[in-house]
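Geometric and topological summary
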Amino acid sequence: MDSYRIVVADSSEGSRKLICKLLNKKGYKTYQATDGAGAIRISRSIFPELVIMDTNLWGINAYEAARIIEEDKLSTVIFATSNPTSAFYEKLKNMNIFAYVVKPIYPEQLYQMVEFSIMNASKIHLLSKKIEKLENTLESRKKIDRAKGLLMKALKITEDEAYKLLRKKSMDDCVSMNVIAEKIIKKYR
Amino acid sequence: MSCNYSKEELLKKAKELELEFIHLQFTDILGVMKNVSITIEQLEKALNNEIMFDGSSIDGFVRIEESDMYLRPDLSTFVVFPWTNHAKEARIICDIYKSDGTPFEGCPRNTLKKVLKEAHDMGYIMNVGPECEFFLFHTDERGEPSLETHDNAGYFDLAPVDLGGNARKDMTITLKQMGFEIEASHHEVAPGQHEIDFKYEDALTTADNIMTFKMAVRIIAQRHGLHATFMPKPKFGINGSGMHINMSLATLDGKNAFYDEKDPTQLSKTAYYYLGGIIKHARSFAALTNPTVNSYKRLVPGYEAPVLIAWSASNRSPLVRIPAKRGNSTRIELRNPDPSANPYLALAAILKAGLDGIKNKIDPPAPVISNVYHMDDVEMKEKGIKSLPATLYEAVSELSKDEVIKDAIGKHIYEKFTDAALYEWYEYSKFVSQWELDRYLRKF
C-alpha cells in the first residue's frame, strides 16, 4: 500500500491521537489539526488523500471547513461524529461521498471507512476529470462549428474550405483551434 | 466596475443567474459593513426602495422613536459573489433614507455624496486610488485568530508553502471576477503583511470598492484557513497597515485639474491650494482617517508611517507626497489614513479640507527636502511643522475645533462619531495593560 496521507481534524486531543495512532498502524501518514482553519491550511499545503473531520470542531464550523476543502478540490472529507442525526445526514448529502465514522471509534470500522473513502474518492476524481475533458471537447466543437458557419457565410466558401482555413490559422499561430474559433465568433458576430 | 443596469434589466439578470440571496449592504458610522439579506422574490420590492429596517438596532444610528429606515439600492453596485458555489448570492450597496423620503444624515454614503456634490458645484470630480494593506495571520489551536504568521506545529516533511501568498493570489482573482482592476499585489515589509492595489475611480466608487475589498479579503482568507485583519497596528515592533490615499481632482470635462504644464513643478494652482487645505486640516481630519485607539500606535517614527504634517515631492517620509508622474496621473498621496477608517467619512473629510484650501486660496508651506524623521524639534519649530495627533483623544479634540471638517460629516454623524470615539478612549484609558504591569509591578 502506498503511503496515503490523511489529515485528522479533531479538537479533542485524545480522540485525535487515537485516530492517528490507529491509522499509523496501518501505514497511513497522518497530520493533525485542532481547528477548522488549521485543517484547511494543512489541506492546502499537502493536498491529502483524505480528511477525517470531527463535527464538533473549534474555530470555523466543521461543515463550512469541509465544504471549502471539497469546493477548492483540496481533498475529500468524511466526518467523525458521536451523534449521527437526520440533520447530519442532510449535510452529508452535499459531500463528495456519503461516508462517516461513528464515535467511539472501532478500529475495524475506521479502517473499512478510510479504505472505502479513498478508493471511491479517487474513482470519483477520475470520472469528474473525464467529464470535464468531454465537456471541454464538446464546447470547443460547438465553437468551431459556429466559427465555420460564420466563415462560410462571410467569405462564401465551402464547409471543407472553412475548416481548412481554421486549421491553417491554428497551426500558423500555434494556438488551439478553439481559440481561433472564439476570435472568429467575436469578429463576425 | 459599474454595470448600469436598469431596474428591469437587473431583475431579469438576477433570474437568469438563478440568484438565491441578495445582500443589501450599507456601512454604519464606525465603518462596519451591515447586511439586510433578502431572497430573490423580494428583489423587486427592494428595487422599488420598499425594504425597511430598524435603524435603532444599528450602532450609532438613531433613537428608537425614529427607527424606520428605508434602503435605496444603487443599481450600479450590483455584484455577484464569486465565492459561493452552492447558493448563488449577490449584493447591492444601498443609501439610507428616512421614512419621509429624505436622505438620512447618519448614512456615511449620503455624507460623502453631499461633499462630492459640493465639489461638483465647484467644477470638480474627485478621483481616488487607495493602497490598502492588511495582515494574514494563522489561527491558534482553538481556532481563534492569533498573531502567528506560520504554523508552529512542525510538519517536518512539508515543503514551505506560502499560504499567505496563495491566499493573496486567490484574492486577486476573486476581486477581478468582481470587476476590480488590480494594479499591483505584493508582500509588504512586515511578516504576514500584504498589499493589493486597485485602479483609481471616482471617490464614491472607490469608497464602495474599499468596503467590498475588505469583505472579499476576509472571506477568501477564511477559505485559506487564515485570518485577515485591517487593524492598523496589530504587532508592536513591526510596520502597521496603512491605507494611503492617492487622489486628484478632475474638471467636469475630464481633465486633471492638478496638472499645469506651465508651472515649473507642473502642478496647478488648484493642486497647491488643495494641498494647502489638506495640510491645514490634517490634525482635525485625523480622527476620521485614523479612528481607533490603535491607529495612533501606527503613527510613530520609525515604521514608514507619517508623523509630521509636511509635504514633499520626492521624499516618502512626510504626510503628503506628490508622486513624480504628471499629466493625467498628477496626484497627491496622503499617507496617514489606515484601513480601520470608514472610507466614506474619511474621503468626505479629506475632500472637504482640500476644497476649503481651493475656496480660501490657502498656500501650502514650503516642501521639506530632507528626511523629516531626522529633523529635531528646534528645526521643526523654525519651519512651523506640526505633528499629527498622538492619540485618539487628541484627534477628537482637534476635530471638535474645526468647523469645516465638522460640516463635512454633518452634525448627526459628528456627535455619534465623537461619542463612540471618546467612549473607546475612556475604556482604553481605564484598562491596565501588560506594558504597565511589566514596567511598574516590581518597580514600585
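Residues numbered from 1 in each chain as written. Chains lettered and ligands numbered in written order. Predicted model: local features only at pLDDT ≥ 70, side-chain atom pairs only at ≥ 80, totals over all residues. Heavy atoms only, no water.

1. Here we look at the pattern of salt bridges
Residues and elements named next belong to chain B. For the coordinates displayed, the defined rule picks out 35 salt bridges over all chains. For aspartate 95, the salt bridge goes to lysine 113, with nearest N and O atoms at 2.5 Å. Linking aspartate 95 in strand S6 (residues 89-98) with lysine 113 in helix H3 (residues 108-121), this pair joins segments that are 18 residues apart in sequence. The exposure class of aspartate 95 is buried, given its relative accessible area of 4%. Between lysine 401 and glutamate 398 there is a salt bridge; the shortest N-O distance is 3.4 Å. (Salt bridge = Lys/Arg side-chain N within 4 Å of Asp/Glu carboxyl O. Helix = DSSP H or I, 4+ residues; strand = E, 2+ residues; numbered from the N terminus. Buried < 20%, exposed > 50% of the residue type's maximum accessible area, 1.4 Å probe, protein only.)

2. Focus on the side chain of A:Arg41
Assignment of secondary structure puts A:Arg41 in helix H2 (residues 36-46). Of the residues examined, A:Arg41 reaches a relative accessible area of 2% and is grouped as buried. One polar contact links A:Arg41 to B:Thr139, side chain to side chain, over a distance of 2.9 Å. (Polar contact = N/O pair within 3.5 Å; in protein donor to acceptor, adjacent residues only side chain to side chain.)

3. Topic: the UniProt feature "domain: ANTAR" (unreviewed entry) in chain A
Per the UniProt record, the feature "domain: ANTAR" (unreviewed entry) sits at residues 124-185 of chain A. The distance from the first to the last C-alpha atom of residues 124-185 of chain A is 35 Å, and the span holds 90% helix and 0% strand. (UniProt positions renumbered as here; feature names shortened; annotations may be inferred.)

4. Here we look at the packing of helix H6 (residues 269-289) of chain B against helix H8 (residues 343-359) of chain B
Residue and element names in this part refer to chain B. At a minimum axis distance of 6 Å, the contact between H6 and H8 shows a crossing angle of 140 degrees. One way to sum up the angle between H6 and H8 is to call them oblique. In this structure, the crossing between H6 and H8 has a hand that is right-handed. Mapping the contact onto sequence places Thr270, Tyr273, Tyr274, Gly277, Ile278, Lys280, His281, Phe285, Leu288 and Thr289 in H6 and Leu345, Ala346, Ala349, Ile350, Leu351, Ala353, Gly354, Leu355, Asp356, Gly357 and Ile358 in H8. Classifying every residue of the contact of H6 with H8 gives 13 nonpolar, 6 polar and 2 charged. (Axes fitted to C-alpha atoms, helices over the stretch in contact; angles between N-to-C directions. Parallel < 35°, antiparallel > 145°, perpendicular 65-115°, else oblique. Left-handed = near helix turned anticlockwise from the far one by under 90°. Contact = heavy atoms within 4.5 Å. Nonpolar A, V, L, I, M, F, W, Y, C, P; charged D, E, K, R; others polar.)

5. Description of the sheet that holds strand S1 (residues 5-9) of chain A
All names here are of chain A. Sheet architecture is open: 5 strands sit in the order S2-S1-S3-S4-S5, paired in parallel fashion. Whereas interior strands pair on both sides, the edge strands pair on one side only; in this sheet they are strand S2 (29-33) and strand S5 (100-102). Between one strand and the next, the sheet's axes are offset by a mean angle of 20 degrees, whatever the strand orientation. Of the strand pairs in this sheet, strand S4 (residues 77-81) and S5 are connected by 3 bridges, and their pairing is parallel. Within S5, the residue paired with threonine 81 across the bridge is valine 102. Strands S1, S2 and strand S3 (50-54) of the sheet are contacted by H2, whose axis makes an angle of about 145 degrees with S2. (Pairing = 2+ DSSP bridges.)

6. Brief notes about the pairing of S6(B)
All names here are of chain B. S6 sits mainly inside the fold: 9 of its 10 residues count as buried. Where strand S1 (residues 21-27) and S6 come together, 5 bridges link them in parallel fashion. Within S6, the residue paired with glutamine 25 across the bridge is isoleucine 93. Here strand S4 (residues 68-73) runs beside S6; their pairing, made up of 5 bridges, is antiparallel. Within the sheet, the bridge partner assigned to methionine 69 lies in S6 and is lysine 98. Bridge analysis of strand S5 (residues 79-80) against S6 gives 2 bridges, and the strand direction is antiparallel. Within S6, the position partnered with valine 80 by the bridge is alanine 90.

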